[in-house]
Protein chains: 2
Amino acid sequence: MKSFSARQNCRAPSVEDVAHKLAALSHPARLEILQRLGGGRSCCCKEVVEHLDLAQSTVSQHLKILVEAGLVRYAPERQRSRYQIDQAALAAVSASVSALVESCCAGEGADI
Amino acid sequence: MKSFSARQNCRAPSVEDVAHKLAALSHPARLEILQRLGGGRSCCCKEVVEHLDLAQSTVSQHLKILVEAGLVRYAPERQRSRYQIDQAALAAVSASVSALVESCCAGEGADI
DNA sequence: TGATTTCATCGTTCATCGACGATAGACGAT
DNA sequence: ATCGTCTATCGTCGATGAACGATGAAATCA
């Protein structure tokens, strides 16, 4: 094992995949959304809006980005929508980051 | 403990901090740079350039972003420059992501 | 000294992001 | 049927990102 990959279901996520998911995580509002969605709670858009001090359209955009990154699952439900964390996907990202760190810290070198 | 924080050295990184570091990680070229810097090797800019198929100025920019995010340390050395991974910082990011995932997966909920 | 190498920075160009208001569709309630 | 609510999407605007070439500074080599 040399690169940060392996693990997960056997499909090694490409650098692009990981970068894409990390990009989805790289905005404060989206991190807060994830925290709000945490604990298995499923939220509708309005619930997030009330908590976030952003326009509804903006929140909807952020949610879309999270869904397209595969980190949040989406289910249109009558009037409301349900957004829910995809725990497996999130865990996979965490594993990717861990693997990256491990591979980077393998051979100890002298500090600068 | 309610938010994904705590852990680390006792200073809880803010959502903005984490987002900023994740943003630095959210580009394929920068992930590849980190892998190249992995294993304690310290690289000069040219070495990265030769490996990456990007213009020298572009690579320099990416390195700067990594340095400003605190993930890579920088030491101007005579003619060349030395870039080296900041393993502690990288580990901290990994821990933040893990903590986020854990806090999000706490209370199991029904799947969508 | 002069030529070459290595690097950072500047200026430019194009694309994307982030935020908003406005709008339209779908649903529930009256 | 009509009204109000909840969403997603569109269009816009300013800001930022990503890439490049050109340039200049510092160090090394001839």
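Residues numbered from 1 in each chain as written. Chains lettered and ligands numbered in written order. Predicted model: local features only at pLDDT ≥ 70, side-chain atom pairs only at ≥ 80, totals over all residues. Heavy atoms only, no water.

For chain A, an unreviewed UniProt entry supplies the name DNA-binding transcriptional ArsR family regulator and the organism Aminobacter niigataensis.

**What about the interface of chain B and chain A?**
So the rule is basically this: Contacts between residues were defined by any pair of non-hydrogen atoms, one from each residue, lying within 4.5 Å. Buried area: the sum, over both parts, of the accessible surface (1.4 Å probe) that disappears when the two are put together. The term salt bridge refers to a side-chain nitrogen of Lys or Arg lying within 4 Å of a carboxyl oxygen of Asp or Glu. In this text, helices come from DSSP runs of H or I with a minimum length of four residues, and strands from runs of E with a minimum of two, each type numbered from the N-terminal end. For this scheme, ten residues count as nonpolar: Ala, Val, Leu, Ile, Met, Phe, Trp, Tyr, Cys and Pro. Four count as charged, namely Asp, Glu, Lys and Arg, and the remainder, Gly too, count as polar.
Listed as interface residues are 44 residues of chain B and, on the opposing side, 44 residues of chain A. Regarding the contact of chain B and chain A, the summed buried area is about 3,500 Å², with carbon and sulfur atoms giving 66% of it. Linking chain B to chain A there are 0 salt bridges. When residues of the side of chain B that touches chain A are traced back to their parent elements, those giving at least two are α1 (15–25), α2 (28–37), β1 (72–76), β2 (81–85) and α5 (87–104) of chain B. Broken down by element, the residue count for the side of chain B that touches chain A peaks at 10 residues, all from α5(B). Along the lines of polarity and charge, the residues of the side of chain B that touches chain A split into 24 nonpolar, 14 polar and 6 charged.

**So, the protein's contact with DNA strand D**
Formally: Any residue with at least one heavy atom within 4 Å of a molecule or strand is counted as near it. Two N or O atoms form a polar contact when they lie within 3.5 Å of each other; inside protein one atom must be a possible hydrogen donor and the other a possible acceptor, and for residues adjacent in sequence the pair counts only when both atoms belong to side chains.
Near DNA strand D you find 23 residues, and of these Cys44(A), Lys46(A), Gln79(A), Tyr83(A) and His62(B) are the closest. Backbone atoms, meaning sugar plus phosphate, form 66% of the atoms of DNA strand D positioned within 4 Å of the protein. A distance of 3.1 Å separates a phosphate oxygen of DNA strand D from a polar side-chain atom of Ser60(A). Within the side chain of Gln79(B), an N or O atom sits 3.4 Å from a sugar or linking oxygen of DNA strand D. Secondary-structure elements contributing two or more residues to the surface near DNA strand D are α3 (45–52), α4 (56–68) and β2 (81–85) of chain A together with α4 (56–68) of chain B. At 5 residues, α4(B) tops the list of elements feeding residues into the surface near DNA strand D. Its residues placed into classes, the surface near DNA strand D shows 7 nonpolar, 11 polar and 5 charged.

**With respect to the protein's contact with DNA strand C**
As a matter of local geometry, DNA strand C sits amid 23 residues, with His62(A), Cys44(B), Lys46(B), Gln79(B) and Tyr83(B) nearest to it. Sugar plus phosphate: this is where 68% of the atoms of DNA strand C within 4 Å of the protein reside. Contact distances for DNA strand C include 3.3 Å between a phosphate oxygen and a side-chain N or O atom of Arg80(B). Counted by class, the surface near DNA strand C contains 7 nonpolar, 11 polar and 5 charged residues.

**Re the nonpolar core**
If you look at soluble globular proteins, the nonpolar side chains tend to sit buried side by side. Convention followed: Nonpolar cores are built from buried Ala, Val, Leu, Ile, Met, Phe, Trp, Tyr and Cys residues. Side-chain atoms within 4.5 Å join them into one set. Note on classification: 1.4 Å probe, protein chains only; a residue is buried when its accessible area is under 20% of the maximum for its type, exposed when over 50%, partly exposed between these limits.
Membership of the largest hydrophobic core comes to 64 residues, with the highest contact counts inside it found for Leu25(A), Leu34(A), Leu71(A), Leu34(B) and Leu71(B). Excluding residues within four positions of it along the chain, Leu25(A) makes contact with Leu31(A), Leu34(A), Leu71(A), Leu90(A), Val93(A), Ala19(B), Leu22(B) and Leu100(B).

**Here's the deal with α3(A)**
Residues and elements named next belong to chain A. Just so we agree on the cut-off: In this description, the arc belongs to the directions extending from the helix axis to the C-beta atoms.
By the burial criterion, the buried members of α3 are Cys45, Val48, Val49 and Leu52. Down the axis of α3, the sector holding all buried residues measures 105°, keeping them to one side. In this structure, the buried residues of α3 make contact with α2 (28–37), α4 and β2. Trailing α3 by a residue or two, Asp53 shows a phi angle of about 60°, which is positive.

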